[in-house]
Amino acid sequence: MTLRQLVLLLTVCLVLFGLIMIGSSSVVDASRDFGDKWYYLKLQSFWVLLGLIGFFIAGRFPHRRLENLATPFFLITIVFLVAVLIPHFGIKLLGARRWLNLGLVSFQPSEVTKLTFALYLSALLTKPVKFLHFLASLGLVGGLIVLEPDLGTTLIVGGMAMAIFFTSQGKLKHLLFLLALSALSIGLLIFISPYRLARFRTFLNYSHDPLGSSYQVRQALLAVGSGGLTGVGLGQSRQKYQFLPEVTTDSIFAIVAEELGLFGAASVILAFLLLTMTGLNIAKSAAHKFSSNLAVGITSVVSLQALINISSNIALLPFTGIPLPFISYGGTSLVVLMIGMGILFNIANA
């Protein structure tokens, strides 16, 4: 099987599996909130259709032309990231401004940034660039996303940027500096934010605040442990009955493990590992530096997002609001990721 065929196969399998799991995990919340147990499944199916259109357009569009469009796309994204912080434009939910309301449509600029920033850096780093130029670009994007606030997405974008920088031209001393700066910044952001500090304390001690900051991770671990080897059966989750929060988004991997067991959860992890290896092989074999950089950027976004989501559900990392790629409910994330996979599919064919 060719790398191109693998990208298509893995994307389709993960997206279809996501529809199955959203249909299973959302029935309780959808019935309670909308009187239609298939409400979330219907909406996600619509996003899948848009994502498929985006995949095939990106798969046929000459990807080298994206190099010239990278800077305009990036500047538009910066405008969106600023606009989301402005009242009446940015939608405030649960204390955060992550959605931009444009009247007929609303979306998350930070999700779009994952792709447009990858495009920008891929084009920028095709030639020697001063480290401070790269650092300023990363600081601008990361700072705007942190202000929403959204530390999880900042980590994804920062990790993606470092991956492109290091594989394209980066020096080890610069990478070590970035890692040290990131660690200090994350520590400071945790220390100055009460809710982040509570989550970090929960990570260190699960008995801390069992009905508050540690509730979600404790329920997720209960779901994962209940699944055993083969799971309680598709559609038979107990935790989705309003015990585990965010069952269609942040916590959907816990529902996968509960219903399909270790075998099902391991299969999801294996699919992401295979997709990561496929993306890196595409980057390695790409004929042009821009194409190689972009393949690294797209692959690192998917792999880092999957790593953080899965790790937080099994208590290897503090819980963050990061969806599981292709599987969690959410229109902006799904469509952007499928467009990214279309570009990766395109690069593999070059």
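For the structure, check the block above.
A word on the overall build of the protein. Per the secondary structure count, the protein includes 13 helices and 3 strands. Expected size for 350 residues packed as a compact globule is a radius of gyration near 20 Å; at 20 Å, the protein falls within 12% of this value. With the C-alpha coordinates aligned to their principal axes, the bounding extent of the protein is approximately 55 × 50 × 40 Å. Taken across its 350 residues, the protein has 51% of its residues classed as buried. Long-range pairs, those at least 24 residues apart, make up 69% of the contacts in the protein between residues at least 6 apart in sequence. Accessible surface, the protein as shown: approximately 16,100 Å² in total, 70% of it carbon and sulfur. Here the protein holds 23 positive side-chain charges and 12 negative ones, and the gap between their average locations is 12 Å.

Turning next to the environment of Asp150. As for its placement among the helices and strands, Asp150 is situated in the loop between helix H6 (131-146) and helix H7 (151-168). Each C-alpha atom of the pair Asp150 and Ile322 lies 9.4 Å from the other, and the pair is 172 residues apart in sequence.

Right, let's talk about the side chain of Ser311 for a bit. Counting through the fold element by element, Ser311 comes out in helix H12 (residues 289-313). Ser311 gets classed as buried once you look at its relative accessible area, which sits at 8%. Not counting the four nearest positions on each side in its chain, Ser311 is found in contact with Leu316 and Leu317.

So, on to the packing of aromatic side chains. As enumerated under the stated definition, the model contains 15 aromatic pairs in all. Ring centres of Phe34 and Tyr40 lie 5.8 Å apart, and the angle between their planes is 80 degrees; this geometry places the pair in the edge-to-face category. When the centroid spacing of 5.3 Å and the interplanar angle of 75 degrees are considered together, the rings of Phe80 and Phe107 count as edge-to-face. Here Phe80, found in helix H4 (residues 66-83), pairs with Phe107, found in strand S3 (residues 106-107); they are 27 residues apart in sequence, far enough to count as distant. The buried category is assigned to Phe107, whose relative accessible area is 13%. Among the aromatic residues, those joined into a cluster by ring pairs are Phe34, Tyr39, Tyr40 and Tyr329.

As a further point, take the packing of helix H1 (residues 3-25) against helix H13 (residues 331-349). Where H1 meets H13, the axes come as close as 8 Å, and the angle between the chain directions of the two elements is 165 degrees. By the angle between their directions, the pair H1 and H13 is classed as roughly antiparallel. When the axes of H1 and H13 are compared, the crossing they make is left-handed. Residues Arg4, Val7, Leu8, Thr11 and Val15 of H1 touch H13, and the partners they reach there are Leu334, Met338, Met341, Leu344, Phe345, Ala348 and Asn349.

Quick notes on the rules
- Residues numbered from 1 in each chain as written.
- Predicted model: local features only at pLDDT ≥ 70, side-chain atom pairs only at ≥ 80, totals over all residues.
- Heavy atoms only, no water.
- Helix = DSSP H or I, 4+ residues; strand = E, 2+ residues; numbered from the N terminus.
- Rg over C-alpha atoms; globule rule 2.2 N^0.38 Å.
- Buried < 20%, exposed > 50% of the residue type's maximum accessible area, 1.4 Å probe, protein only.
- Contact = heavy atoms within 4.5 Å.
- Areas by Shrake-Rupley, 256 points an atom, 1.4 Å probe, with all protein chains shown as cover.
- Lys, Arg positive; Asp, Glu negative; His and termini not counted.
- Charge placed at Lys NZ, Arg CZ, Asp CG, Glu CD.
- Phe/Tyr/Trp six-rings, centres within 6.5 Å; stacked < 30°, edge-to-face > 60°.
- Axes fitted to C-alpha atoms, helices over the stretch in contact; angles between N-to-C directions.
- Parallel < 35°, antiparallel > 145°, perpendicular 65-115°, else oblique.
- Left-handed = near helix turned anticlockwise from the far one by under 90°.

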